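# A look at the structure
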Amino acid sequence: MSDILQSLNPVQKEAASCTEGPLLILAGAGSGKTRVLTHRIAYLIEEKGVNPWNIMAITFTNKAAQEMRDRVDRLVEFGAESIWVATFHSSCVRILRRYIDRLGYDNHFTIYDTDDQKSVIRKAVKELDLDPKQYREGPLLGVISAAKNEMIEPQDFETQAGGDFRICQEAKIYKAYQKTLIDNNAVDFDDLLLLTVRLLRENRDILEAYQERLRYIMVDEYQDTNSVQFELIRLLSGKYHNLCVVGDDDQSIYKFRGADITNILSFEETFPGAKVVKLEQNYRSTNNILEAANSVIANNAHRKEKHLWSENGEGKEVSFIHYETAYGEAEDVIDKIQTSVHMGKYQYQDCAILYRTNAQSRAFEEKCIKKSVPYRLVGGVNFYQRQEIKDILAYLKTIDSGRDDLSVTRIVNVPKRGIGQVTLNKLAVYASEHGMRLFQAMEQAEQIPGIGKAADKIKGFVNQIMVFRALAKELDAAELIESILEQTGYLEELEKLEEDKAQAKQENLDEFQNKAADYYANHDEAALTDFLEEVALVADIDNMDSEADSLTLMTLHSAKGLEFPVVYMTGMEEGLFPSYMSMNSGDPGDIEEERRLCYVGITRAMQQLTLTAAKQRMVHGNIQYSAISRFVKELPQEKLDWKEETFGGLFKKGPSMTANSLSGSLFGGSSSMSSGSSFSASQGSQTAKKTNYDNVFDLKYAKAFSSPKPDSLDYKEGDRVSHIKFGKGTVLAVEDMKKDYQVTVEFDTAGVKKLFAGFAKLKKI
Ligand SMILES: Nc1ncnc2c1ncn2[C@@H]1O[C@H](COP(=O)(O)OP(=O)(O)OP(=O)(O)O)[C@@H](O)[C@H]1O
Ligand SMILES: [Mg+2]
């Protein structure tokens, strides 16, 4: 066998050298799938004499495409540059730039981004005389995108509506939207794929030309392809059938973007005569880590059975640490990493901290900055650089002093107040002529010549800030943030965004409120100025050097395909991971998707894996007690190195404390909290006593969060209420407790929750 394949094991060799006909490499994480793909390309060129021009390799992200090209460059002597290595989208752009005129477009088409798309939707809704409140851009874009991913064109969408009023209206919007795009010679991201498929279906000559050229097609991370991507591959490989796809059904984590796991599960039916190769030897992780991964994923019903093993030895035991608070979790994890680096065991770049939601990065980022640990945030903007956080910070700064013109400029039209650039210029000129700050000039707007009617709008803004200034004396920063979000209409604006985006921003804002609540809990008599000073210190990220040896922080989703010697999976709590949404959607498939994500996380670790959870975490300014994630329970318990943090230190769990004997209190099994329900406590001390979490953080929180019991409630059993985070719901029960009312609410999407009335601030609707 050739030299090129020398570094592969026999099964990998078989896969890499099986070049003709359809081939599915179905294999678990770290078994060398990506490695086989790159070696296969080299083998085709060097051994089989295939022209690089005839080879296509498709990946999902630009980063992966770049890496694939680099790896092939190293293996192949000449011609690597003419291999077609690209993502799905860039492949389509390439085809369409050449041939889109066949579909009636001009070849110099424009690609619309989300902002452009939204304005097209707004225009369509207006033209159709529909209520923009009922037909919001975000959700409509979601509907259109889903239709396009299923290759449903506007006319088919209408036919499928079958008289349903709402769907009929959506069909009209879709039609108008598409017409505008065509009139502007523009395409959206989904069109790129859809139009390419249409082009190939309707133009035999073009299809045949590409089929003839792209004789060998390879797709990495095949488990995440959606219908239209699948169709594109099917068409292109339709003549030579030399299609090699690699993937792992257990790592399919993009269902929410239309990825269809059946594409991989039914490969053999779709491509008759397909050869299937399974790789089971893992080269990445120790056996302890693999056993953890195998044991968790075994709980999914719909999967192809496979079992990973490795020759890397047992390795260190997988650990689980249960902290009292999320604050303690962040502090200790960063400490542990720093210690291992100081001891010379690892470098920062060997370590990764993974979490379920972007907002969780905040606590870790702060600890890194405080302890001078260099870090790199992958696939996200640093917490304090995020748009919504900068907006709210700008409000707080303006409320605090109004001297920062940048902040004032940032928020004057956020949300929109209709104050135009011309007016702002006049204000700036007036301010500089009179040696004032911009905000002072605004306070005197009516005296400024030429401002005219805009003066009223400016006064409105100034008055609002004045009201907040008064409030700032009464409220702590967390409450102030809440009133800013509500009273300026910022939250309302958020709701108009696409669901994913709105939710991510909402989570970040919640996390910022938690930060504020946390700060006030730990600083008696803190003022807004002190809080802003603290934030300025922790938000200083200018001294970050992306090239330097640094710790990686990222979400589980963005960790796919990567590997690290040391991995921490944090926030392993019911409601966080798995997420509330997946727990309450009613579709068991959603929990399975979360479990696959957990599997992806575990299998990133090469030598050392630690899972962590916190008993209490601030969620939307409330302390929330959560049970340990079910995924922790699914790990092989007898091999798990389990530590409990109690007051003053970490203690190893004694041999008699098996997971099952603890399940009542730790997994929420026997307590009044059903699995997945959360407990928002205003009476921290009371709850703390009951659950015996007598640690110093509890007392501080308790002090900060004891809010008076309301005299009476304006809602009762059966009423509809709304909660700022959980949305709308129906009151199931109201219990009059000594210190507060405990209200049980069944939320429409967030499930059943028990809340304390004094803190939950439920509104009757
Ligand atoms: N035969 C082999 N000999 C030595 N190392 C190998 C071999 N096969 C794979 N590896 C190494 O194992 C690690 C995992 O390989 P690779 O990233 O290709 O796996 P994968 O199946 O694509 O994983 P994932 O499912 O996470 O994408 C890499 O560091 C790779 O270099
Ligand atoms: Mg891979």
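Conventions we followed
- Residue numbering note: each chain is counted from 1, following its sequence as written.
- To read the labels, note that chains go from A and ligands from 1, taken in the order they are written.
- At least 70 in pLDDT is required for a residue's local features to be given in this predicted model, at least 80 for side-chain atom pairs to be given and counted, and no such filter applies to totals for whole chains, interfaces and linings, which use all residues.
- Side-chain numbers here rest on the full set of heavy atoms in the structure, without hydrogens or water.
- UniProt positions are given in the numbering used here, feature names are shortened, and annotations may be inferred rather than shown by experiment.
- Segments assigned H or I by DSSP are reported as helices when at least four residues long, segments assigned E as strands when at least two residues long, and all are numbered from the N terminus.
- Using a grid of 1 Å spacing that covers the protein atoms alone, one calls a set of points a cavity when a 1.4 Å probe fits there but cannot get out, and a pocket when the set is open and has protein on both sides within 12 Å along at least five of seven lines; lining residues are those with an atom within 4 Å of a point.
- Grid points are joined across faces, edges and corners, and a volume is the space filled by probe spheres set on the points.
- Residue classes follow a fixed rule: Ala, Val, Leu, Ile, Met, Phe, Trp, Tyr, Cys and Pro count as nonpolar, while Asp, Glu, Lys and Arg count as charged, and any other residue, Gly among them, counts as polar.
- Burial classes: relative accessible area under 20% of the type maximum marks a residue as buried, over 50% as exposed, and values in between as partly exposed (1.4 Å probe, protein chains only).
- If DSSP finds at least two bridges between two strands, the strands pair.
- Salt bridge, as used here, is a side-chain nitrogen of Lys or Arg placed within 4 Å of a carboxyl oxygen of Asp or Glu.
- We call a set of buried Ala, Val, Leu, Ile, Met, Phe, Trp, Tyr and Cys residues a nonpolar core when their side-chain atoms join them within 4.5 Å.
- Should any heavy atoms of two residues lie within 4.5 Å, those residues are counted as being in contact.
- Residues are counted as near a molecule or strand when any one of their heavy atoms sits within 4 Å of it.
- Two N or O atoms count as a polar contact when they lie within 3.5 Å, although within protein this holds only if one can serve as hydrogen donor and the other as acceptor, and sequence-adjacent residues are included solely when both atoms are side-chain atoms.
- Residue exposure ignores everything except the shown protein chains as possible cover, and the areas themselves are Shrake-Rupley values with a 1.4 Å probe.
- Aromatic rings from Phe, Tyr and Trp, taking only the six-membered ring of Trp, are treated as a pair when their centres fall within 6.5 Å; an angle between ring planes under 30 degrees marks them as stacked, one over 60 as edge-to-face, and anything in between as tilted.
- By definition, being over a ring means that NZ of Lys or CZ of Arg is both within 6 Å of the ring centre and within 35 degrees of the ring normal.
- Note on method: axes are straight lines fitted to C-alpha atoms, helices fitted across the in-contact stretch only, with angles between N-to-C directions ranging 0 to 180 degrees.
- Roughly parallel here means an angle under 35 degrees, roughly antiparallel means over 145, roughly perpendicular means 65 to 115, and every remaining angle is called oblique.
- For every residue, the pLDDT score states the predictor's confidence, bounded by 0 at the bottom and 100 at the top.

Moving on: the UniProt feature "coiled-coil region" (unreviewed entry) in the protein. Under the UniProt annotation, "coiled-coil region" (unreviewed entry) lies at residues 487-522. Structurally, residues 487-522 is divided into 86% helix and 0% strand, and its ends, taken at the C-alpha atoms, are 28 Å apart.

This part covers empty space enclosed by the protein. By the definition in use, this model includes four cavities of 30 Å³ or more. Looking at side-chain class alone, the lining of the largest cavity contains four nonpolar, one polar and two charged residues.

Where burial is concerned, most of strand S16 (residues 605-619) is hidden: 13 out of the 15 residues are buried. In this structure, strand S11 (residues 319-325) lies alongside S16, joined through six bridges in parallel fashion. Residue Ser319 lies in a different strand from S16, and its bridge partner there is Thr610. With five bridges connecting them, strand S15 (residues 564-569) and S16 associate as parallel partners. Across the sheet, Val566 pairs through a bridge with Gln608, a residue of S16. In this structure, S16 lies alongside strand S17 (residues 622-625), joined through four bridges in antiparallel fashion. Following the sheet pairing, Arg617 is matched in S17 by Gln624.

Here we take up unusual backbone geometry. Backbone torsion omega between Val414 and Pro415 reads -10°, so that peptide bond is classified as cis. Residue Pro578 follows Phe577 across a cis peptide bond; omega there is 5°. Within the element layout of this structure, Pro578 appears in the loop between S15 and helix H26 (580-584). Positive phi, close to 60°, is recorded for Asp129, a residue that is not glycine. Residue position: Asp129 is located in the loop between helix H5 (114-127) and helix H6 (137-149).

We now examine the pattern of salt bridges. One pass over the structure, following the stated rule, counts 46 salt bridges. Of the charged contacts, one joins Arg166 and Glu170 as a salt bridge, the two residues approaching to 3.2 Å between their closest N and O atoms. Of this pair, Arg166 and Glu170 both sit in helix H8 (residues 165-183), four residues apart, roughly one helical turn. With a relative accessible area of 33%, Arg166 lands in the partly exposed category. The partner of Glu231 in a salt bridge is Arg201, with the nearest N and O atoms 3.2 Å apart. Taken as a pair, Glu231 in helix H11 (residues 227-236) and Arg201 in helix H9 (residues 189-202) lie far apart in primary sequence, 30 residues in all. On the basis of relative accessibility, which here comes to 8%, the residue Glu231 falls in the buried class. Salt bridges linked by common partners bring Arg362, Glu366, Glu511 and Lys515 together as one network.

Core analysis: the biggest nonpolar cluster contains 55 residues, and Leu396, Leu427, Met442, Phe512, Leu528 and Phe531 have the highest contact counts within it. In this structure, Leu427 is in contact with Leu438, Ala441, Met442, Ile448, Ile451 and Ile458, ignoring residues within four places of it in sequence. Counting 42 residues, the second largest nonpolar core, distinct from the first, contains Ala86, Ile100, Leu207 and Leu236.

Taken together, 18 residues surround ligand 1, and among them Lys33, Thr34, Gln251, Glu563 and Arg604 come closest. Contact between ligand 1 and Lys33: an oxygen atom at 2.6 Å from a side-chain N or O atom of the residue. Here Arg35 contributes a backbone N or O atom positioned 2.9 Å from an oxygen atom of ligand 1. Burial of ligand 1 by the surrounding chains reaches 84%, relative to a free accessible area of 640 Å². Per-element tally for the shell around ligand 1: the top contributor is helix H2 (residues 33-46), with three residues. In the shell around ligand 1, the residues fall into three nonpolar, ten polar and five charged.

This part takes up the packing of aromatic side chains. A full pass over the atoms with the stated rule returns 16 aromatic pairs. Between Phe577 and Phe631, the aromatic rings sit 5.2 Å apart at their centres with planes inclined by 65°, giving edge-to-face as the arrangement. Here Phe577 is found in the loop between S15 and H26, whereas its partner Phe631 is found in helix H28 (residues 630-633), with 54 residues between them in sequence. Assessed through its relative accessible area of 1%, Phe577 is described here as buried. Since its relative accessible area comes to 0%, Phe631 is described here as buried. Here the aromatic residues Phe383, Tyr384, Phe512, Tyr519, Tyr520 and Phe531 are joined through ring pairs into a cluster of three or more. Above the plane of the ring of Trp84 lies Arg94, whose end atom (NZ or CZ) is 3.8 Å from the centre. Taking the ring centre of Trp53 as reference, the NZ or CZ of Arg213 above it sits at 3.3 Å.

Looking now at the side chain of Lys560. Secondary-structure assignment places Lys560 in the loop between strand S14 (551-555) and S15. Lys560 sits in the buried class, given a relative accessible area of 16%. Once residues within four sequence positions are removed from consideration, Lys560 is found in contact with Glu221, Gln223, Asp224, Gln251, Ile253, Tyr254, Val600 and Arg604.

Overall, parallel pairing links the six strands, which are arranged S3-S2-S6-S7-S1-S8 in an open sheet. Among the strands making up the open sheet, the edge pair consists of strand S3 (84-87) and strand S8 (275-279). Pairs of neighbouring strands in the sheet enclose a mean axial angle of 15°, with direction left out of account. Docked against the sheet, helix H1 (residues 10-17) engages strand S1 (23-27) and S8, running at close to 150° with respect to S8. Here H2 sits on the sheet in contact with S1, strand S2 (55-59), strand S6 (216-219), strand S7 (243-247) and S8, set at roughly 165° to S6.

In contact at an axis separation of 9 Å, helix H17 (residues 387-400) and helix H21 (residues 454-474) are set at 80° when each is read in the N-to-C sense. If you check the angle between H17 and H21, you find them roughly perpendicular. Across the interface between the two elements, Tyr395, Thr398 and Ile399 of H17 pack against Ile465, Phe468, Arg469 and Ala472 of H21. Split by residue class, the contact of H17 with H21 holds five nonpolar, one polar and one charged.

The next subject is the confidence of the model for the protein. A residue-level look at the protein finds 88% of positions with pLDDT of 70 or above and a mean pLDDT of 84. Note that residues 541-546 has pLDDT below 50 and, in this model, seven contacts with residues that lie over four places away or in other chains. Taken together, the chains of this predicted complex give a pTM of 0.69 and an interface ipTM of 0.99.

Among the residues of H1, those classed as buried are Gln12, Ala15, Ala16 and Ser17. In this structure, the buried residues of H1 make contact with S1, H2 and S8. Between a side-chain oxygen at the N-terminus of H1 and the backbone nitrogen of Val11 the separation is 3.1 Å; the capping residue is Asn9.

Let us now look at the environment of Glu498. Mapped onto the elements of the fold, Glu498 is located in the loop between helix H23 (490-495) and helix H24 (499-522). For the pair Glu498 and Lys118, spaced 380 residues apart in sequence, the C-alpha separation works out to 9.8 Å. Once you skip the residues sitting within four places of it in the chain, Glu498 turns out to touch Thr114, Lys118, Gly138 and Leu141.

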